[in-house]
Amino acid sequence: MRRIIVQKFGGTSVADTEKIKNVAKTVIKEKNNGNNVVVVVSAMGHTTDYLVKMAKDLSATPSTREMDMLLSTGEGVSIALLAMAIQAQGYEAVSFNAMQVGIFTENVHSKARIIKIQTEKLKQNLNEGKIIVVAGFQGVTEDGEITTLGRGGSDTSAVALAAALNAERCDIYTDVEGVYTTDPRIVPKATKLKEISYEEMLELAHAGANVLHPRSVETAKLNNVPLRVRSSFKTDDMGTLILGVNKMEIDKPVTGVAADLSQARVVVCDVPDVPGQAAKIFSKLAQEGISVDMIIQSYARKISNTNDIAFTIDSTDIEKAKETLDKMKEQIHCGEIQINSEIAKVSIVGAGMIDRPGIASTMFETLANLDINIKMISTSEIKISCLVDKADAKKAVQALHDEFNLSSDTIAEVKGDLPNI
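Residues numbered from 1 in each chain as written. Predicted model: local features only at pLDDT ≥ 70, side-chain atom pairs only at ≥ 80, totals over all residues. Heavy atoms only, no water.

A. Just the overall build of the chain, in detail. Counting secondary structure elements, the chain contains 12 helices and 20 strands. Its C-alpha atoms give the chain a radius of gyration of 23 Å, near enough to 22 Å, the size a compact globule of 421 residues would have. Across its three principal axes, the chain shows a C-alpha extent of roughly 80 × 50 × 35 Å. Relative to its full complement of 421 residues, the chain shows a buried share of 51%. Separation between the mean location of the 47 positive side-chain charges and that of the 55 negative ones in the chain comes to 3 Å. (Helix = DSSP H or I, 4+ residues; strand = E, 2+ residues; numbered from the N terminus. Rg over C-alpha atoms; globule rule 2.2 N^0.38 Å. Buried < 20%, exposed > 50% of the residue type's maximum accessible area, 1.4 Å probe, protein only. Lys, Arg positive; Asp, Glu negative; His and termini not counted. Charge placed at Lys NZ, Arg CZ, Asp CG, Glu CD.)

B. Quick look at the packing of aromatic side chains. Across all of its chains, the model carries two aromatic pairs by this definition. Between Phe9 and Tyr173, the aromatic rings sit 4.6 Å apart at their centres with planes inclined by 10 degrees, giving stacked as the arrangement. One end of the pair, Phe9, is in strand β1 (residues 4-9); the other, Tyr173, is in strand β9 (residues 169-174), and 164 residues separate them in sequence. A single burial state applies to Phe9 and to Tyr173, both of which are buried. For the ring pair Phe282 and Phe311, a centre distance of 5.2 Å and an interplane angle of 70 degrees mean the geometry is edge-to-face. Placement of Phe282 in helix α9 (residues 277-287) and of Phe311 in strand β16 (residues 306-314) is noted, with a sequence separation of 29 residues between them. (Phe/Tyr/Trp six-rings, centres within 6.5 Å; stacked < 30°, edge-to-face > 60°.)

C. Fine view of the sheet that holds strand β15 (residues 292-297). With antiparallel pairing, four strands are arranged side by side in an open sheet as β15-β16-β14-β17. Among the strands making up the open sheet, the edge pair consists of β15 and β17 (337-340). Strand-to-strand twist across the sheet, computed as the mean angle between neighbouring axes with direction ignored, equals 15 degrees. The pairing of strand β14 (residues 263-272) with β17 spans four bridges and is antiparallel. In the strand pairing of β17, Val268 is matched with Ile337. Docked against the sheet, α9 engages β14, β15 and β16, running at close to 20 degrees with respect to β16. (Pairing = 2+ DSSP bridges. Axes fitted to C-alpha atoms, helices over the stretch in contact; angles between N-to-C directions. Contact = heavy atoms within 4.5 Å.)

D. Looking closely at the side chain of Arg215. The residue Arg215 is located in helix α8 (residues 214-223) in this model. The charged side chain of Arg215 is buried without a salt bridge, its nearest counter-charge being Glu218 at 6.1 Å. Excluding residues that lie within four positions of it along the chain, Arg215 makes contacts with Lys111, Ala112, Arg113, Leu149 and Thr156. (Salt bridge = Lys/Arg side-chain N within 4 Å of Asp/Glu carboxyl O.)

Distances and angles like these do not, on their own, reveal function.
See below:
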């Protein structure tokens, strides 16, 4: 049986009919290499943003169910147009939405997780020689409700399909030529990595790198699906291969530097130093769907027998977190709630850090030399993150990238709409 290659194209890759024709050529090229091809696409260009704006014009708080119904229409346009473009080149192609395939998710709107994928229809059409085009970002519950997968949903759809079909690999086509040691717009001589481990990519994604969403990397790691990040504009470039760390040669302690400007720091002041207080706070935040990243609890003050609990959340959750914590004040007998959104998380990541001393001290000294104050620190085996003022993020990334010798001799080329730092 032919190998199966899953390809994913984002919104900028299918933003208009000319770009859709170019995507069709890339898909056909893979088909002509002797492979079966399943293509996952996002909605065209800024379609999702436009749909969200229309919804907000009608209702300040539209229901998540109706939002899923609305947003899922965007991919329906993309898959039909791409199938037509492939057919126009003389190849058989068929498009399917999530319900037609059987991409089943949990019964959660706006950020559902995939539970299972039915593959019978996909395999039948592949055996008939057809190129399959599947709508990303969406799923369906067992009782027929349309759901969406949230941020990075199309990447997750592609990786999950590759796992279900036991594909040779999953190629994610994007605006950059691969995974870089940092954002090339901050450091023009950032190095494109030939390969990176799932673990490192996952940490970089959580740390603010915008190439892949963490959920898609998690799915690939769990199912051992080789991922390749490739350019939609330079399809001959093989990009960056993402695979298990045990298959890599590690020659540097630090693989990459990332900055996340989408976080906010919350400090719950003067919390009584008795058992169970932290559990109450974080349990309630979890119930409200608020994810917490870095956490620090100070030593108890001897006179008042209280401490401060500081943590970071996504900046989009600020209002919900403030409302939740304000309601808890009497329950936990705390003081004021402080929230600061003018912060950034700067991280260094590398599988080579394990059992190699001095990496943390080098990072801290580099930031100190720039007079950058560190507000919080968190670590894992292969990541060190520091919370700093947002205004210092860019120079922190530049300095750390230089300190750990990650630059190349060539200027990286970047296209598309990526968030600015």
